[in-house]
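Given next are the chains, with one letter for each unit.
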Amino acid sequence: MKVFSWPVRVYYEDTDAGGVVFYANYLKFFERARTEMLRSYGFEQDRLIAEDNVIFVVRSVSIDYLKPARFNEQILVNAEIIENKKTSLTFEQTITRQNDLICSGKVRIACLDAQSMKPKLIPIAILEQLT
């Protein structure tokens, strides 16, 4: 599968009082990388809702925090699809600083009908681009 990488600068707002990235913000970085990955292939989430009645939601997450990222550091957020099913995608995601692994995780994303919030087949155009 294709690995997508997105550079991020750690801002003061991302950190706790000690200047270390607050643990929940790593999940925000993961989310933004997945959104930017979709965008890089021409898929905007607001258009997917409006035109295809499709919404993507997080179904499950596991994350390992290995080292801290700190205020003003440049980090790289990576996303790779490691499993695709009819209605879900599983991403392996990492955050690195140069060659130093900061955290890693697996995020399972479900495709839902935007109105009923029930599982829906992932549009073929998206699967063809991402996998």
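As named in an unreviewed UniProt entry, the protein is Tol-pal system-associated acyl-CoA thioesterase, taken from Methylomonas methanica. As stated in UniProt under Sequence similarities (unreviewed entry), the record for the protein gives "Belongs to the 4-hydroxybenzoyl-CoA thioesterase family."

Enquirer: With reference to specific residues and values, describe the nonpolar core.
Expert: Ranked by internal contacts, the top residues of the largest apolar core, which has 31 residues, are Tyr26, Phe29, Phe56, Ile75, Ile95 and Ile126. Contributing elements (two or more residues each) for this core: β1 (3-9), α1 (23-40), β2 (54-65), β3 (74-84), β4 (88-97), β5 (100-113) and α3 (124-130). Among the elements that take part in this core, α1 stands out by supplying six residues, more than any other. Sequence-distant contacts of Ile95, defined by excluding residues within four places in its chain, comprise Tyr26, Phe29, Phe30, Ile75, Leu76, Val77, Asp100, Leu101, Ile102 and Cys103.

Enquirer: Please set out the UniProt feature "domain: Thioesterase" (unreviewed entry) in the protein residue by residue, giving values where relevant.
Expert: The sites that UniProt annotates as "domain: Thioesterase" (unreviewed entry) are residues 18-103. Note that residues 18-103 is 30% helix and 43% strand, and that its end C-alpha atoms are spaced 18 Å apart.

Enquirer: Pulling in residues and values, what's your account of the sheet that holds β3?
Expert: Pairing is antiparallel across the open sheet formed by five strands, whose spatial order is β1-β3-β4-β5-β2. Each edge of the sheet is formed by a strand with only one pairing partner; in this case those strands are β1 and β2. Recorded for the sheet is a direction-independent mean angle of 25° between the axes of neighbouring strands. The pairing of β4 with β5 spans 10 bridges and is antiparallel. The residue of β5 that forms the bridge with Gln93 is Gly105.

Reading guide: rules and limits
Residues numbered from 1 in each chain as written. Predicted model: local features only at pLDDT ≥ 70, side-chain atom pairs only at ≥ 80, totals over all residues. Heavy atoms only, no water. UniProt positions renumbered as here; feature names shortened; annotations may be inferred. Core = buried A, V, L, I, M, F, W, Y, C linked by side-chain atoms within 4.5 Å. Buried < 20%, exposed > 50% of the residue type's maximum accessible area, 1.4 Å probe, protein only. Helix = DSSP H or I, 4+ residues; strand = E, 2+ residues; numbered from the N terminus. Contact = heavy atoms within 4.5 Å. Pairing = 2+ DSSP bridges. Axes fitted to C-alpha atoms, helices over the stretch in contact; angles between N-to-C directions.

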